[in-house]
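# Architecture at a glance
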Amino acid sequence: GESVGLHLPTLSVQEGDNSIINCAYSNSASDYFIWYKQESGKGPQFIIDIRSNMDKRQGQRVTVLLNKTVKHLSLQIAATQPGDSAVYFCAEKAPPGFQKLVFGTGTRLLVSP
Amino acid sequence: GAGVSQSPSNKVTEKGKDVELRCDPISGHTALYWYRQSLGQGLEFLIYFQGNSAPDKSGLPSDRFSAERTGGSVSTLTIQRTQQEDSAVYLCASSQGQLRTEAFFGQGTRLTVV
């Protein structure tokens, strides 16, 4: 499966800073990618998505960058707020069928006031 | 309903007992996913449904785990003869089933095997 070890990587930032969370995905043929935010005790919540024919997409305070050459995704959060503290996961829709949603290693974001 | 609904939200069971976890997807969503998340870990894929069929069961950990979906809607994940290592949060998600649409998650069922 795609489970990871007990200790998720952690990114600690100050409120107001910009945050960058990175993710390496597994399948070069994947054509759709999603970032999810998971707060304690809750299910993952959709943040932003990007298709493989794009290299950048912007939302409100968030930007996703896709580098297919090195199979790398990043999530940039502008002016990070304490409410952004959560675990962030990237996910890809992989072949065959491009319906199976495969999650990458999560990153814990801690925002200090 | 407005979102993905899972029940129960919490379940404590004795080792060796069977449990059933239920997922009500968003109305009209044809794709349904089950994941398992152990404490402090990532999401482990279990099974995926498209309609009532399960084209991908590759993540089911053992033959004690099974899932079904009826009427293209509600799904049940069954764990037989539960073991302590089955303790985790079981998450369900649904999507419209098209290639490039996001999946929406329920709040999960926290299963504790004692």
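Everything here concerns the structure above.
These numbers come from a predicted model, not from an experiment. (Residues numbered from 1 in each chain as written. Chains lettered and ligands numbered in written order. Predicted model: local features only at pLDDT ≥ 70, side-chain atom pairs only at ≥ 80, totals over all residues. Heavy atoms only, no water.)

## Concerning unusual backbone geometry
- Of note, the amide linkage connecting Ser7 of chain B to Pro8 of chain B takes the cis form, showing an omega dihedral of -10°.
- Phi at Lys71 of chain A takes a positive value of approximately 55°, unusual for a residue other than glycine.
- Tracing the chain through its elements places Lys71 of chain A in the loop between β6 (62–67) and β7 (72–77). (Helix = DSSP H or I, 4+ residues; strand = E, 2+ residues; numbered from the N terminus.)

## Quick notes on the interface of chain A and chain B
- Contacts between chain A and chain B engage 28 residues on the former and 27 residues on the latter.
- Summing both partners gives a buried area of about 2300 Å² for chain A against chain B, and 51% of it is carried by carbon and sulfur.
- Linking chain A with chain B are zero salt bridges, by the criterion used here.
- Looking at the side of chain A that touches chain B, the elements with two or more residues in it are β3 (32–38), β4 (45–51), β8 (86–94) and β9 (100–103) of chain A.
- Residues of the side of chain A that touches chain B, tallied by class, amount to 13 nonpolar, eight polar and seven charged. (Contact = heavy atoms within 4.5 Å. Buried area = accessible area lost by both parts, 1.4 Å probe. Salt bridge = Lys/Arg side-chain N within 4 Å of Asp/Glu carboxyl O. Nonpolar A, V, L, I, M, F, W, Y, C, P; charged D, E, K, R; others polar.)

## Description of the state of the cysteines
- The final tally for this structure, using the stated rule, is two disulfides over all chains.
- Residue pairing for Cys23 of chain A: its cysteine sulfur links by disulfide to Cys90 of chain A, the two sulfurs lying 1.6 Å apart. Of this pair, Cys23 of chain A sits in strand β2 (residues 19–24) while Cys90 of chain A sits in strand β8, and the two are 67 residues apart along the sequence.
- Judged by its relative accessible area of 5%, Cys23 of chain A is buried.
- Between the sulfur atoms of Cys23 of chain B and its disulfide mate Cys92 of chain B the distance is 1.9 Å. Of note, the bridge from Cys23 of chain B to Cys92 of chain B carries an S-S torsion of about -65° and is left-handed in sense. Here Cys92 of chain B lies in strand β9 (residues 88–95) and Cys23 of chain B lies in strand β3 (residues 19–24), a separation of 69 residues in the sequence. (Disulfide = S-S within 2.5 Å. Buried < 20%, exposed > 50% of the residue type's maximum accessible area, 1.4 Å probe, protein only.)

## Points about the pattern of salt bridges
- The final tally for this structure, using the stated rule, is seven salt bridges over all chains.
- A salt bridge links Lys42 of chain A to Glu39 of chain A, with the nearest nitrogen and oxygen atoms 3.7 Å apart.
- Lys17 of chain B serves as the salt-bridge partner of Glu14 of chain B, at 3.6 Å between the closest nitrogen and oxygen.
- A relative accessible area of 49% means that Glu14 of chain B is categorised as partly exposed.
- Residue Lys17 of chain B is classed as partly exposed on the basis of its relative accessible area, which comes to 44%.

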